[in-house]
Amino acid sequence: MNPLVHAEFSWLAAQGLRERRDRILVTCAGLAPDLDGLTLLGGEELYVRYHHVLFHGYVGALLTAAVCMGLARQRLRVGLLALGTFHLHLLCDLAGSGPGWPIYYYWPTSFREWFWQGQWNLSSWQNAVIGLITTLACFACALHWRRTFVELLSPRWDAEVTKTLRRRFLGEREAPAPGSAERRGPHG
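Residues numbered from 1 in each chain as written. Predicted model: local features only at pLDDT ≥ 70, side-chain atom pairs only at ≥ 80, totals over all residues. Heavy atoms only, no water.

J.: Outline helix α7 (residues 155-170), listing residues and values.
T.: Taking 1.5 Å per residue, 16 residues should reach 22 Å; α7 reaches 21 Å between its end C-alpha atoms and fits that length. Structurally, α7 contributes buried residues whose contacts are with α6 (125-144). Just beyond α7, the residue with positive phi is Gly171, at close to 70°. (Helix = DSSP H or I, 4+ residues; strand = E, 2+ residues; numbered from the N terminus. Expected span 1.5 Å × (residues − 1). Contact = heavy atoms within 4.5 Å.)

If you want it as structure tokens, here you go:
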């Protein structure tokens, strides 16, 4: 699956957390396995050899959870969610990264491959449908949680997106400015 869908899944998993900072940490944990994708900077050969190897395993999961816990406000919850979203990333990769892309979960202690015979291609209809549903779920969070995935980029932008979605789907109106005639009513 593509990184945006990994991020959206992880952000959705973090909705029970109070702090934006903690939700960002859990989202980053869901993206962390793809740190081994940076091997592409060393060329295609390194990428093909080490993507799904270096950070797609238990060492990456433990390191990611430890870093997230160290930076979090709700340490235990964030640590557990970080482990969960890290492993959700791996499951998504097993399903939708394409045939021939195993995961080496036990690296560096073992080179045992993990794969699934039914893997579909990265550009498959399945990934497109999952991506669309996940994006819609992220926007639907505006209706319940009063935030969307946009909070990862900017709280101010997120407030505007949330306001627009709530107005469109819940019929909410903007609160009148303090002291305005509309707020005071017709008789002042």
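Structure's up, so let's keep going.
J.: So what's going on with the layout of surface pockets? Residues and values would help.
T.: In this structure, the largest pocket encloses a volume near 210 Å³. If you go around the largest pocket, you meet 13 residues; those closest to its centre are Met1, Tyr47, His51, Ser97 and Leu122. Residue composition of the lining of the largest pocket, by class: five nonpolar, six polar and two charged. (1 Å grid on protein atoms, 1.4 Å probe; cavity = no way out; pocket = protein on both sides within 12 Å on 5 of 7 lines; lining within 4 Å. Points joined across faces, edges and corners; volume = space filled by probe spheres on them. Nonpolar A, V, L, I, M, F, W, Y, C, P; charged D, E, K, R; others polar.)

J.: Describe the packing of helix α1 (residues 3-13) against α6, listing the residues and the values that go with them.
T.: For the pair α1 and α6, the least separation of the axes is 10 Å and the interaxial angle reads 40°. Our classification of the angle between α1 and α6 gives oblique. As α1 packs across α6, the resulting crossing turns out to be left-handed. Of α6, the residues touching α1 (which contributes Val5, Glu8, Phe9, Trp11 and Leu12) are Ile130, Gly131, Thr134, Thr135, Ala137, Cys138 and Cys141. (Axes fitted to C-alpha atoms, helices over the stretch in contact; angles between N-to-C directions. Parallel < 35°, antiparallel > 145°, perpendicular 65-115°, else oblique. Left-handed = near helix turned anticlockwise from the far one by under 90°.)

J.: Which residues make up the pattern of salt bridges, and what values go with them?
T.: This model, assessed by the stated rule, comprises six salt bridges. The shortest N-O distance in the salt bridge between Arg23 and Glu151 comes to 2.7 Å. Of the two residues, Arg23 is situated in helix α2 (residues 20-31) and Glu151 in the loop between α6 and α7; the sequence distance between them amounts to 128 residues. The closest approach of N and O atoms between Lys163 and Glu160, which form a salt bridge, is 3.2 Å. In this pair, Lys163 and Glu160 are both assigned in helix α7, three residues apart and thus about one turn of the helix distant. A relative accessible area of 28% places Lys163 in the partly exposed class. We classify Glu160 as partly exposed; its relative accessible area is 43%. Residues joined by salt bridges that share partners form a network here, namely Arg146, Arg166 and Glu172. (Salt bridge = Lys/Arg side-chain N within 4 Å of Asp/Glu carboxyl O. Buried < 20%, exposed > 50% of the residue type's maximum accessible area, 1.4 Å probe, protein only.)

J.: Could you give an account of unusual backbone geometry, naming the residues involved and the relevant values?
T.: Along the chain, Trp107 connects to Pro108 via a cis peptide bond; the corresponding omega equals 15°. By secondary structure assignment, the location of Pro108 is in the loop between α5 (75-96) and α6. In this structure, His52 takes a positive phi of about 75° despite not being glycine. With a relative accessible area of 2%, His52 lands in the buried category. We note that Arg146 has phi near 60°; this positive angle belongs to a residue other than glycine.

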